[in-house]
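Each chain, letter by letter, is given below.
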Amino acid sequence: MSEPIVRLRGVRKTFWRDREPVPVLDGLDLDVPEGSFEALMGPSGSGKTTLLNLIAGLDRPTEGSIEVAGQPIHQLPEGALARWRSETIGFVFQSYNLLPVLTAQQNVELPLLLRRLPRAERRKRAETALRIVGLEDRTQHFPRQLSGGQEQRVTIARAIVNDPKILVADEPTGNLDKGSTKDVLDLLARLNKELGKTILMVTHDPHAAERATIIRKLDKGQLA
Amino acid sequence: MIPLSYNVRSLVERRATTAAAVLGIALVVFVLSASLMLVAGVEKTLGGSGEPDRAIVLRKGSDNELSSGIEIGSVPIIAAAPGVRSGEGGGLVVGEIVVVAAMEKLGGAGMSNVLIRGVAESVFRFRPEVRFTRGRAPRPGTDEAAIGARIAGRFRGLEMDRTFELRKNRSATVVGIFEAGGSSFESEVWVDVETIRQAFRREGMVSSARVRLESPAAFEAFEEAVEQDKRLGLEAMREIAYFEKQSEGTATFIRVLGSGISFFFALGAVLGAMITMYAAVAHRQREIGTLRALGFPRGSILLSFLVESALVAVAGGALGSLGALGLGAVRFSMMNFDTWSEVVFSFTPTPQTLATALGVSIAMGLAGGFLPALQAARLRPVQAMRE
Ligand SMILES: Nc1ncnc2c1ncn2[C@@H]1O[C@H](COP(=O)(O)OP(=O)(O)OP(=O)(O)O)[C@@H](O)[C@H]1O
Ligand SMILES: [Mg+2]
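In what follows, the accompanying structure is described. Worth saying up front: this structure is predicted, and the values here are computed from it rather than measured. One numbering rule holds for all chains: residues counted from 1, following each sequence as written. Note on labels: chains are lettered from A, ligands numbered from 1, in written order. At least 70 in pLDDT is required for a residue's local features to be given in this predicted model, at least 80 for side-chain atom pairs to be given and counted, and no such filter applies to totals for whole chains, interfaces and linings, which use all residues. Just so you know, side-chain values use all the structure's heavy atoms and leave hydrogens and water out.

**Observations regarding the sheet that holds strand β5 (residues 71-72) of chain A**
Residues and elements named next belong to chain A.
Then, number 1: By this definition, two strands are paired if DSSP reports at least two bridges between them. In this text, helices come from DSSP runs of H or I with a minimum length of four residues, and strands from runs of E with a minimum of two, each type numbered from the N-terminal end. Taken in spatial order, the four strands make up an open sheet running β2-β1-β4-β5, and their pairing is antiparallel. A strand with exactly one partner marks an edge of an open sheet, and here the two such strands are β2 (20-33) and β5.
Then, number 2: Relative to β2, strand β1 (residues 4-17) is paired through 11 bridges, and the arrangement is antiparallel. Considered in β2, the bridge of Val 11 is made with Leu 28.
Then, number 3: Packed onto the sheet, helix α1 (residues 48-55) meets β1, β2 and β4 (63-68) and runs at close to 125° relative to β1. By definition in these notes, contact holds between two residues if any of their heavy atoms fall within 4.5 Å. For helices, the axis comes from a line fit to the C-alpha atoms of the stretch in contact; other axes are also lines fit to C-alpha atoms, and the angle between any two N-to-C directions lies between 0 and 180 degrees.

See below:
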């Protein structure tokens, strides 16, 4: 088997609330093979979002090492970590997190603004990403003019526009109805199969989890 | 960089609070511009009243014509000094008497002093820039008066063909209205010098003597000759320098008052901009967190919010400047502290007043936006997106 794209060793994460330690992750080891589609399940408050944030470089472990796409990110300084995120990770959020004042096209172009790309090239790539998610006819719509399912597809377009190796999705279908849920899951499965994206998806929905190639369960700070 | 359209549209989205912040800054810029324009107007009116080839002679130690008095016998001596251009019958010189008269302002604004200048007939040759827009020059030896265009209609009786009191039981009739290139002469009343001499009992005296010089460079020699004779007790000044000195007190007063008021208004406007921007940051936490997650560095967030606040400021600055430009047509009558008489000024916009207004508005925007922008830049993405 090839090198894992995500490798966690002895990862501990403790939050502090009112001077009291709140241990969430308790010496976690994890290997995610490249190109897998993983579903992460577990009770509410078990630390799924926390784990995903650590892998995505949004937060730092209290202890332990995290290596993602060959980069030990637990020791990267703030600025370098931000650049690394923009190159390596695509984010899909439960509540989409599109900027409401920008059009679908402009939202998708956002990650490209961090690179030196000519305007026309940015436009082309954003259009391609929107075509992949099936929204080529909604490019000039603002988020509030789209349905929830469409908004989430715009978010996915934004997540893939920089061609990152890994997509992290925290309950991507949590706010969607059945039909839209299926569309989004189909889309993620396609991105995994056809474009080879490694996908880490947190979900509460067992049907959603079934679409993944690996299902992991997080409980009491440990992976089962 | 985060696109400018993001800031513009976010501002439009929250148009009510944006408008409030814009208006706050506009008000400051309006007050500041108005006072700067007035200072420019004062400097143009008073400072612009002199000519480089003219000199004024006063009694030594007097800093204006009103407090000066020189013996009429000195006038021919002054005219004969080196450097004075010669006209018919000797050097080009005018000896004038300057007094003030309290007159009633129209529009119920009370009494105020008007500067009255006793002039010889030769004054119109001496000052070719004086142009009659109506009527004619007063005839020597009569109670006729010519009035400057800027005070015409501002005081009771200071209108064409009307009479007014020079002093108690001594009236004069307006026979002409003149312009003088926007200078302070346009706020004066001119009457024959002998009429004034009698009415105000200035026998044997004039307030000042003015001469035309052969060239601006001839002044040094003229000054030396006039001031040399200590018995005469005279002091010569270039006319330009004299009027510049006249405008100093008033210009400084307006400048201090204007910048004082602007400063306190500015504190309010900066606070307003700050509150607006703090609200914007609080309102857009999730967006900020998302941008940070996507990889935008702290600097981009800081810059974006600074730019946004500068946009508010520039909009306010433009609005305030436009309002102030609207004052261009307004004539403003005010006491000149150096002569204690009314002078009518205009608000005069210059490139400097506009540049200052814009600069100050941007500075206010940056000052108000800095702390909120810093707060935005310091947000941790995970926390910000939880909100
Ligand atoms: N910034 C924080 N400060 C303090 N405690 C935190 C913080 N973030 C998370 N926690 C705590 O850590 C635990 C795990 O939170 P996390 O959001 O990872 O859970 P989750 O598994 O994603 O839950 P859910 O399914 O409800 O989304 C919770 O008890 C939460 O209250
Ligand atoms: Mg969660």
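**Points about the interface of chain B and chain A**
Interfaces are often described in size by the accessible area the parts lose on coming together.
Then, number 1: The interface is formed by 22 residues belonging to chain B together with 23 residues belonging to chain A.
Then, number 2: When two parts are brought into contact, each loses some accessible area as probed by a 1.4 Å sphere; the total of that loss over both is the buried area. Three residues, Arg 9, Leu 294 and Val 382 of chain B, lead the burial of chain B against chain A; their summed loss comes to 27% of the area buried on that side.
Then, number 3: Any Lys or Arg side-chain nitrogen found within 4 Å of a carboxyl oxygen on Asp or Glu counts as a salt bridge. At the boundary of chain B and chain A, one finds three salt bridges.
Then, number 4: For Asp 59 of chain A, the salt bridge identified is with Arg 380 of chain B, shortest N-O distance 3.3 Å.
Then, number 5: Polar contacts here mean pairs of N or O atoms no more than 3.5 Å apart (in protein, one a potential hydrogen donor and the other a potential acceptor; neighbouring residues in sequence count only if both atoms are side-chain atoms). Applying the counting rule to chain B against chain A returns 10 residue pairs in polar contact (both at pLDDT 80 or more).
Then, number 6: All amino acids are sorted into three groups, where Ala, Val, Leu, Ile, Met, Phe, Trp, Tyr, Cys and Pro are nonpolar, Asp, Glu, Lys and Arg are charged, and the leftover types, Gly among them, are polar. When its residues are assigned to classes, the side of chain B that touches chain A shows 11 nonpolar, four polar and seven charged.

**Concerning the nonpolar core**
Then, number 1: What we call a nonpolar core is a set of buried Ala, Val, Leu, Ile, Met, Phe, Trp, Tyr and Cys residues that are connected through their side-chain atoms within 4.5 Å. In this scheme, a residue with accessible area under 20% of its type's maximum is buried, one over 50% is exposed, and one in between is partly exposed, where area comes from a 1.4 Å probe on protein chains only. Membership of the largest hydrophobic core comes to 41 residues, with the highest contact counts inside it found for Ile 116, Leu 158, Phe 164, Val 189 and Phe 222 of chain B.
Then, number 2: Broken down by element, this core gets its largest block of residues, four residues, from strand β5 (residues 93-104) of chain B.
Then, number 3: Leave out the neighbours within four places in its chain, and Phe 222 of chain B touches Ala 55, Val 57, Ile 78, Ala 81, Pro 82, Val 84, Val 211, Leu 213 and Ala 236 of chain B.
Then, number 4: Listed in part, the 36 residues of the second largest apolar core include Met 41, Ala 104, Ala 159 and Leu 187 of chain A.

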